[in-house]
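Observations on chain architecture
What follows is each chain in one-letter form.
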Amino acid sequence: MGAEVTLAVVGGGIAGLAAAYRALEHLPAHRIALLEREARLGGKIRTEQSDGFLLEAGPDSLALSNPWAAALCRDLGLQEELRFAKPEFARLYIKRDGRLHPLPWGIAASLQETLRALVKSELLSTAGLLRAACEYFLPPRREPGDESIANFFSRRFGGEFYRWLVEPLAAGIYGGNAPELSLEAALPELRKMELHYGSVLGGLLWSGVDHGAGRSAPAPRIATLKGGLERLVKALEQRLRGTVLLNSTGVTRLVRREGRYALFLTNGGSLTADAVVLATPAPAAAAMVEDLDPALADLLRTIRFAPSVVVSVAFHEERIGHGFDGYGYLCPRAEGGPVRAVTWMSNKFPDRTPAGAVLIRASMREPCSESLEARGGELVLRAVLAELRGTLGIRSEPLFWRVHYWDRGIAQYAPGHRGKTKLIRERLLHHPGLYVAGSSYDGVGIPYCIASGFRAADEACGNPEPVLGRPGTGVLAAVPERNLVRQADGIDGV
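Anyway, here's the lowdown on the structure attached to this text.

The rules we used
- Residues numbered from 1 in each chain as written.
- Predicted model: local features only at pLDDT ≥ 70, side-chain atom pairs only at ≥ 80, totals over all residues.
- Heavy atoms only, no water.
- Helix = DSSP H or I, 4+ residues; strand = E, 2+ residues; numbered from the N terminus.
- Buried < 20%, exposed > 50% of the residue type's maximum accessible area, 1.4 Å probe, protein only.
- Contact = heavy atoms within 4.5 Å.
- Areas by Shrake-Rupley, 256 points an atom, 1.4 Å probe, with all protein chains shown as cover.
- Patch = residues over 30% accessible without salt bridge, like charges linked within 9 Å, V, L, I, M, F, W, Y side chains within 5 Å.
- Salt bridge = Lys/Arg side-chain N within 4 Å of Asp/Glu carboxyl O.
- Phe/Tyr/Trp six-rings, centres within 6.5 Å; stacked < 30°, edge-to-face > 60°.
- Arc of directions from axis to C-beta.
- Axes fitted to C-alpha atoms, helices over the stretch in contact; angles between N-to-C directions.
- Parallel < 35°, antiparallel > 145°, perpendicular 65-115°, else oblique.
- Left-handed = near helix turned anticlockwise from the far one by under 90°.
- Nonpolar A, V, L, I, M, F, W, Y, C, P; charged D, E, K, R; others polar.
- Pairing = 2+ DSSP bridges.
- Core = buried A, V, L, I, M, F, W, Y, C linked by side-chain atoms within 4.5 Å.

Let's shift gears to the overall build of the protein chain. A count of helical and extended segments in the protein chain gives 18 helices and 19 strands. By residue count, 57% of the 494 residues in the protein chain fall in the buried class. Considering only contacts within the protein chain whose residues lie at least 6 apart along the sequence, 75% involve residues at least 24 apart. Carbon and sulfur atoms form 54% of the exposed surface of the protein chain, whose accessible area is close to 20,000 Å².

Next comes the structure, spelled out in structure tokens:
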């Protein structure tokens, strides 16, 4: 048998890096091994620089209203490198019938402001507004069990409200299909409002979510780092010097022998560990535990990932002929077309482009993303240019363009997801010292991946204290209620 360590973390994305970093609080560095199949660490966090442009191949920002990412940046000494999104452009639009309509609620709007804006908006018809208002008077569904976001909002607020408001926001976060997205996993507080107050509007009016009459909620802090998000990866990698870092090394299978775990590696070697954190996408973890626990492998395989295509396109500013007064816009599925969202990156983070240039980022809809990638990047570019020409009137040829494709882009939390993750963790109890982490389970954004890595490391090292509020971590003491916007690191177009 090969090398021996106390803890092996499999997967060098942000969840695995966070787990290894957290484990340093409990173990000597040389007793920790981090294994990553690819040559580089960071997973989908990847920054590229070209001719003065800074591109993000994966997520483009961090939601610092969530405590975990903010605390980790502080612990790593990255506070001075944070670059916040420009607040004067903090507007989002939704496309309907070829026109862009302002999202009827501001990033920091109170409930009263939101309702007034929704009434004034032309995004919904009068009939759609009246149907949405009827939500207050509809009886709650008393039957237990999860349902899709599509079913919940169509049932409570009507199909038009769902199609033109909820679906594009949900797709912007999860990148997939809202009819297949679990309400219980993504927005559990809305179901609680329905049951407790009789309606969601009633819950918003009476539960204090509005932060007080006439006052606005604090705006989410959307940020990046000087030099891009990969700076976070590099800072973690620097802190992990002294650990056993095994790049270009995957795990083919995992077995338990004499109270320890044997990991068989893609390079033909092996590793023995007292505890293992599987910080890979659930389907990849399934292949590793097939021999150990076929039932656990079957559960892990049912968590699906949607492919993702991100397209970055640059233009000469003077040739576009106009500016844009927001962060971007969302394209509902009902509008049609392969583009899901467009972000005007030059407004969101101006220091990502050289003077006189504009950088725009588009993300493609599933399943279009998979077929477009298979047929070549030029086809993807043509689809994006057609969208920009038809909606924004941009007819200029691009300075340059890049396409980034992720086969396993974003985890899809189907109805019943929470019950499934509960079963997975129950199966893990049969295998002491084996843990899972990452976006497959409790949240798709970078902060939730960080938290899951912290939690798994604490449990693996025999210190299952709460992730938040631990001494020495600098992490805030309270977890905010998750909602549709806070779930990820800014929806596409925000």
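Here the narrative resumes.
This part is about a nonpolar patch on the surface. Among the surface-exposed residues, Tyr136, Phe137, Tyr197, Leu205 and Trp206 lie close enough to one another that they form a single nonpolar patch of about 630 Å² accessible area. Within the element layout of this structure, tryptophan 206 appears in helix H9 (residues 200–206). Of the residues examined, tryptophan 206 reaches a relative accessible area of 64% and is grouped as exposed.

Turning our attention to the packing of aromatic side chains. Per the counting criterion, the structure on display carries 10 aromatic pairs. Relative to phenylalanine 161, the ring of phenylalanine 157 has its centre 4.8 Å away and its plane inclined at 20°; by these criteria the two rings are stacked. Ring geometry for phenylalanine 324 versus tryptophan 344: centroids 5.4 Å apart, planes at 15°, classification stacked. One end of the pair, phenylalanine 324, is in the loop between helix H13 (317–320) and strand E15 (328–330); the other, tryptophan 344, is in strand E16 (residues 339–344), and 20 residues separate them in sequence.

With that settled, the discussion passes to helix H4 (residues 126–133). Each α-helix turn comprises 3.6 residues. Residues three or four places apart therefore point the same way. Turning to H4, its buried residues are Gly128, Leu129 and Ala132. Looking straight down H4, one finds its buried side chains confined to an arc of 100°; they lie on one side. For H4, exposure combined with an orientation more than 90 degrees from the buried face picks out Thr126, Ala127 and Leu130.

Take the packing of helix H1 (residues 14–23) against helix H18 (residues 446–460) next. The geometry of H1 relative to H18 is characterised by a closest axis approach of 7 Å and an angle of 40° between their N-to-C directions. With respect to their mutual orientation, H1 and H18 come out oblique. Helix-helix and strand crossings are classified by hand; for H1 and H18 the assignment is right-handed. Mapping the contact onto sequence places Ile14, Ala15, Ala18, Ala19, Tyr21, Arg22 and Ala23 in H1 and Ile446, Cys449, Ile450, Ser452, Gly453, Phe454, Ala457 and Asp458 in H18. Residues of the contact of H1 with H18, tallied by class, amount to 11 nonpolar, two polar and two charged.

So, about the sheet that holds E15. Pairing is mixed across the open sheet formed by seven strands, whose spatial order is E8-E7-E15-E16-E17-E14-E18. Sheet topology places strand E8 (99–102) and strand E18 (400–412) at the edges, where each strand pairs with a single neighbour. Ignoring which end each strand starts from, the neighbouring axes of this sheet average 25° apart. Helix H6 (residues 159–174) contacts strand E7 (92–96), E15, E16 and E18 of the sheet and is inclined by roughly 125° relative to E7. Against the sheet, helix H16 (residues 377–392) engages E7, E8, strand E14 (304–316), E15, E16, strand E17 (357–364) and E18, with an angle of about 65° to E14.

A word on the pattern of salt bridges. A full pass over the atoms with the stated rule returns 28 salt bridges. Between arginine 260 and glutamate 4 there is a salt bridge; the shortest N-O distance is 3.2 Å. Residue arginine 260 is found in strand E12 (residues 260–265), and its partner glutamate 4 is found in strand E1 (residues 3–10); the two are separated by 256 residues along the sequence. Using a relative accessible area of 18% as the deciding quantity, one classes arginine 260 as buried. Note that glutamate 426 is salt-bridged to lysine 422, the shortest N-O span being 2.7 Å.

Right, let's talk about the sheet that holds strand E9 (residues 222–225) for a bit. Taken in spatial order, the three strands line up as E5-E9-E6 in an open sheet, and their pairing is antiparallel. A single partner strand is all that each edge strand has here, and the edge strands are strand E5 (62–63) and strand E6 (82–84). Pairing of E5 with E9 involves two bridges; the strand directions are antiparallel. Paired with alanine 63 across the strands is isoleucine 222, a residue of E9.

Attention now goes to the pairing of E17. Among the eight residues of E17, eight are classified as buried, and the element is accordingly described as predominantly covered. Neither face of E17 is left uncovered, since the one carrying Ala357, Leu359, Arg361 and Ser363 and the one carrying Val358, Ile360, Ala362 and Met364 both have all their residues buried. Strand direction decides the pairing type here: E14 and E17, joined by seven bridges, are antiparallel. Along E17, the bridge assignment pairs valine 313 with isoleucine 360. Here E16 pairs with E17 via five bridges, running antiparallel. Among the inter-strand pairings, tryptophan 344 is bridged to a residue of E17, identified as isoleucine 360.

So, on to the nonpolar core. In terms of nonpolar packing, the biggest core is built from 69 residues, with Phe153, Phe161, Leu263, Val276, Leu278, Leu300 and Leu434 touching the most fellow members. Sort the elements by how many residues they give to this core and H6 lands first, with nine residues. When neighbours within four sequence positions are excluded, leucine 300 is seen to be in contact with Ala282, Pro283, Ala285, Ala286, Val289, Ile424 and Tyr441. If you look at the next biggest cluster of nonpolar residues, it comprises 48 residues, including Ala18, Ala23, Leu225 and Cys449.

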